Amino acid sequence: MADLNELTEKLSLLKQEIEAKIDTFSDSKEAFEFRKGLMDSKTGQIGSLMKEMGKIPNELKADYGKKVNEIKAWALSKFDELEKTLKEKEMKKRYEAEAIDVTLPSKMRPVGYLHPITQVKNQIVQIFGSMGFDIFEGTEIENDYYNFTALNIPKDHPARDMQDTFYLSPDFLLRTQTSAGQIHVMEAKKPPIKIISPGKVFRSDDDATHSPMFTQMEGLVVDKGITLGDLQGLLNVFVEKIFGDGTTTRLRPSYFPFTEPSVEVDVSCFQCKGKGCKLCKGTGWIEVLGAGVVNKKVLEGCDIDSDVYSGIAFGIGVDRIAMLKYGINNIKLLFESDLRVLDQIND
Amino acid sequence: MLVPISWLKDYVDIDVSVEELENKLFSCGFEVEEKYQVGKDIENVVVGLVKKCDPIPDTHLHVCVVDAGKHGEFQVCCGADNVEAGKKYPLALVGARVYQTAKDHVTVEGVMTISAGKLRGYDSFGMLCSGTELGLSENLYKGAGYNGLLVLPDDATPGEDVKPITGLDEWIFDVSITANRPDCQSIFGLAREVAAVLQKPLKQPDLSYTETGVTKELSVSCEAPDLCERYISHYVYDVNIKESPDWMKRRLTLVGCSAISNIVDITNYVLKELGQPMHAFDYNYLEGHAINVRRAADEEKIVTLDEKEFSLTHDNLVICDGKKPVALAGIMGGLNSEILDTTNEVVFEAAKFMTDNIRKSSRSLGQSSDSSAVFSKGVYEYTTVMAMKRALHLIEELGCGKVSSTKFDVNTGNSIEPRELTVSVSKVNGVLGIKVPDADIVRVLKNLDFSPVIAGDVLTIKVPAYRLDIETYQDVAEEVIRMYGYDHIVPTFIPTAQVTSGGYNLRQRTELKIKNALCAQGAFEGMHYSFFSPSDLDLLRLPEDSPLRHAIKLINPINRDLSLMRTTLVPQMIHAMAKNQKNGILSGRIFELGNKFIAKDLPLKEYPDERETICIGVFGEDEDFFSLKGVLEAVASALDIKFDYEKEEYVFLHPYRSAKVLCNGEEIGLMGQVKYEIQDETDMRVPAYVAEIDLKALTKYYGKERRFTPLPAFNEEKRDLCFVMDKDVTCASVEKTIEATCDYVTDINLFDIYEGAQLGENKKSMAFNLVFTPKNEELKPEFVDSLIKNILDTLNEKYGITLRA
């Protein structure tokens, strides 16, 4: 191997051999193994070339080394390229093999939802809670005094006919209104009072639009200088937050024995923005709650000085708001635990 | 309340449109629930003059040429027997809408649209109509009751709309009257409000009449002044019973009252017009020529005008003659003193009976009338006095009798003069939160006939005797604002209120946390009625003496299925699961957080225990006892407590798949698979599991303070151990023993159970993963080995447990 020309020829033959071989690989592992063999310092066709160095005359050593390194670098880059190409091909195949129908159903374990009434209740509580209202929950079974008498509805009062009451005994009944909670609060606590009182209420009414059990939320503010204007101001904030910006209220006269003046509160239709649609029956307004200035007789009955303090109260139909908000068309659906209904509302 | 606008116009000049009138009423507190014209279904019916009328041979029909003025001339076939040339009839043009009648030409079957047609080969363009086809009865329009064509007046112009001619254009409002305004349950009462809101003068009803000076033997007394504060009666003679005049019959018909005969019609007319129920007795049937108002004797009998017999009690008020009851006070007259065609002397009654008594009697006897409905809301003596005068005036106006001088006014001395009331103007404004100008206050109160005077801050008004609802400055504020307009209110945001904190309290927050934890387990929150059915207790197969059967009963339930306050939430949950399965949903999780009601004694004398309870139901082939247990543990985890389970049998649960649930040794609930018998009975296709937890018992764990435990400085050691034991050793007993033996063990997880021949008969193996947490120094493997040896020794000693080879 004293002749560099001989070496050059040998190397170019080797090059041709490798190039021919490279085209035959289809597997990156095989290619890697081949390259390893080729570069093996003892047995490899390229790797072992350096072993020959000792046999090379000194004056030729530099050229020899250069040529060997050249082919080594050439082979390495050739194999790098080859392996890269092969790996890309293999990945592509793997990806192809793992193709899926992305529209197949998910594997999520679905969570359940709170009841629509709970959802609305939470929203209302959040609104009033942030304004400093406590939440008072009375009992479903009340006595006659708290449900009627203390609310300025004495025994012979025609207003008792407005509410068909379920009686459990001569004295005890199922509360017909969460207003009963007002009295318990005013007896227990002196002004300033700001509470809302959500709960189930009952009336002997069972038809397409009435359920014998439904949910109300009473609101009560008693402090110095509370006016009808405050009632509307407070309710304007409430309806904007629950039904969306721009929703406003309209007051019109009504009658409840425990408030004077009493008002029905209509909200501007949040669906048609007051233009008139099916939801608001073309009027632009939807009746949602009853309210008023707390009757001084009620305050006085709870030992609150009506010369110093005044109050406002409102009763929100939580079911009604849930039905309006979510477009639920039948109140009975709220009490049937029909999963087809419950899994539709997640507000 | 039905209000014909033309009747209102007797008392107020209404010069606004019906829409504006509706809005005005609405703004001052009277909602018009419905407004309609009498002929709301009728369209395109005009006056038709029959110019030519030829019989169609071999039929009862005629072919007519009808002149419909500007609409043209039409050939119309007609089958009525009273069609003749030269007369005018209603002509329904092609495209018109009229009522369709049955073959009898009397029964209305719906509304039809007229189209061009052909009868016996003759073209017919329209239809000549009967009164019935226009929705008219004899009482609404004279001649309309005839079973044939309605003959129109000679002066009607062909082509003109028939509605104004026949009164079909009359507007009727159905007005809802709130319970605080019984004074408005009449045409005149509402007219007062209309006059006030339109700022028009109110015309008074004609109350004039002349007494003849004739007297007659009659005595009137009242033994129950507590139930009858005023009883006015007047004797009328030379009575001539006949039909009322057309205008009266029409008005009564429009307000839904049938016309009977002049005397009865007058009482009904006054009721509708003034809101005072009246009654007329046939004088000749009043034995002893006496009237006495008293409480009925127990079991006293009366037969009312509608021929129903009632057995009365001391709580019912009756009007008696010298011997017997002749009327059920305020509800209905007796058959024995009814006005007949032969009646020629009557005694009129106008009275104020007590609201509560009439309402109760009407309810308990199940007998009601227009009168009792009005009395039940309230009648004022002011009106009682007025009504009698009005009735006597009508007697004269109708010329159907003579007003004698025999009259009685038995009363308790209540004044019917206005009451003076003084309130502070600033307090009135203080209620409203705005300053209503004094002039406006005076104006609106004057319109309401309150004769207001303001001097400084003092407002003095004279409250009419029919406005008992006006007592305080708040009532005055309401009168002012409803007439001044609620749109004047300026919304404010409680500027004078003190700042308070708010929001959910601990219990409310914790309950929401529990609910959210359950939702995270895939459970949906349901809500069921607080009452359930006695059959629900049977569904659970509860024995007769089960405490769950000790339920509070509703005295007046809607039906039996809603007649008991629930003592458990389980049956409704079972029904909910069954109903979902019926709907084709064969897997699901539902929970409810609600009260059950535990009475201390029955009937209720004190508030019962309303216990917050959680009920969880899961169903489906993919669910089992342990998946339900998992849901329960979500509750425990939300409260940072631990539940224990002990095998227990319940009558409604699978005897081998049910457990009681404990917390710190206290029984707090139950869980298990719903018995197959119940599954079958409720048509459930897949197994169902139910748990009930007494949340009230857990409230003591609410708000448990959370403290951070620093992460261990040294690594935990985990070891897997497989024990062999007798089959009846429970997992819980192994876990408890390990926990009690070694306090380095902080977690124990069962990961495998095996039973097989190589273990031997009645043996099983359980494999646990034990977590050993170091305390103050690193856990050396040899030390852990020694801990395990100790555990094994204890387990072996207690249960004969060995390590599996």
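Residues numbered from 1 in each chain as written. Chains lettered and ligands numbered in written order. Predicted model: local features only at pLDDT ≥ 70, side-chain atom pairs only at ≥ 80, totals over all residues. Heavy atoms only, no water.

Enquirer: Can you walk me through the interface of chain B and chain A in this structure?
Expert: In many analyses, interface size is given as the accessible surface area lost on bringing the parts together. Taken together, the contacts link 92 residues of chain B with 94 residues of chain A. For the chain B and chain A pair, buried surface summed over both sides reaches about 7500 Å², with 58% attributable to carbon and sulfur atoms. Per-residue buried area on chain B facing chain A is highest for B:Phe524, B:Met527 and B:Tyr607; these three make up 10% of the total on that side. For the interface between chain B and chain A, the tally reads five salt bridges. The residue A:Asp307 makes a salt bridge to B:Lys427 at a minimum N-O spacing of 2.4 Å. (Contact = heavy atoms within 4.5 Å. Buried area = accessible area lost by both parts, 1.4 Å probe. Salt bridge = Lys/Arg side-chain N within 4 Å of Asp/Glu carboxyl O.)

Enquirer: Got a minute to help me understand the nonpolar core in this structure?
Expert: Ranked by internal contacts, the top residues of the largest apolar core, which has 185 residues, are A:Phe238, A:Phe314, B:Phe348 and B:Ile616. The contact partners of B:Ile616, leaving out residues within four places of it in the chain, are B:Leu518, B:Met573, B:Ile590, B:Phe591, B:Leu628, B:Val631, B:Leu632, B:Val635, B:Tyr689, B:Val690 and B:Ala691. The next biggest cluster of nonpolar side chains, apart from the first, holds 37 residues, and it includes B:Cys222, B:Tyr283, B:Leu312 and B:Val379. (Core = buried A, V, L, I, M, F, W, Y, C linked by side-chain atoms within 4.5 Å. Buried < 20%, exposed > 50% of the residue type's maximum accessible area, 1.4 Å probe, protein only.)

Enquirer: What exactly am I supposed to notice about the sheet that holds strand 6 (residues 249–256) of chain A here?
Expert: Sheet strands pair by backbone hydrogen bonding; their relative direction is either parallel or antiparallel. Strand order in the open sheet formed by seven strands is 1-4-5-9-8-7-6 (chain A), with mixed pairing between adjacent strands. One side of each edge strand has no neighbouring strand; the edge strands of this open sheet are strand 1 (134–135) and strand 6 of chain A. On top of the sheet, helix 12 (residues 473–484) of chain B reaches strand 6, strand 7 (259–268) and strand 8 (285–294) of chain A; it is set at about 35° to strand 7 of chain A, its chief contact. (Pairing = 2+ DSSP bridges. Helix = DSSP H or I, 4+ residues; strand = E, 2+ residues; numbered from the N terminus. Axes fitted to C-alpha atoms, helices over the stretch in contact; angles between N-to-C directions.)

Enquirer: Even after reading the chapter, I still don't get the confidence of the model for chain B, so can you show me in this structure?
Expert: A low pLDDT score tells you not to read the predicted coordinates there in detail. Within chain B, residue pLDDT values average 94, and 100% of them lie at 70 or more. Reported for the predicted complex are a pTM of 0.83 and an ipTM of 0.84. (pLDDT = per-residue confidence, 0-100.)

Enquirer: Before we go on, may I ask you to explain the sheet that holds strand 26 (residues 524–525) of chain B in this structure?
Expert: Residues and elements named next belong to chain B. If you walk across this open sheet you meet the seven strands as 26-29-30-34-33-32-31, and the pairing is mixed. The open sheet has two free edges, formed respectively by strand 26 and strand 31 (644–647), since each of these has just one partner strand. Of the pairings in the sheet, the one linking strand 30 (residues 609–619) to strand 34 (residues 688–694) comprises seven bridges and is antiparallel in character. Counterpart to Phe 619 in the pairing with strand 34 is Ala 688. The strands touched by helix 16 (residues 625–639) within the sheet are strand 29 (588–598), strand 30, strand 31, strand 32 (653–663), strand 33 (666–674) and strand 34, with strand 30 carrying the most contacts at an inclination of about 140°.

Enquirer: Sorry if this is basic, but what is going on with the domain arrangement of chain A here?
Expert: Domain annotation of chain A identifies domain 1 (4–97) and domain 2 (116–342). Distance between the C-alpha centres of domain 1 of chain A and domain 2 of chain A: 88 Å. (Domains from an automatic or database assignment.)

Enquirer: What should I look at first to understand the domain arrangement of chain B in this one?
Expert: The assigned domain composition of chain B is domain 1 (2–38 + 171–198), domain 2 (43–166), domain 3 (219–411), domain 4 (421–488), domain 5 (506–701) and domain 6 (717–803). Computed from C-alpha coordinates alone, the two centres of domain 2 of chain B and domain 5 of chain B are separated by 69 Å.

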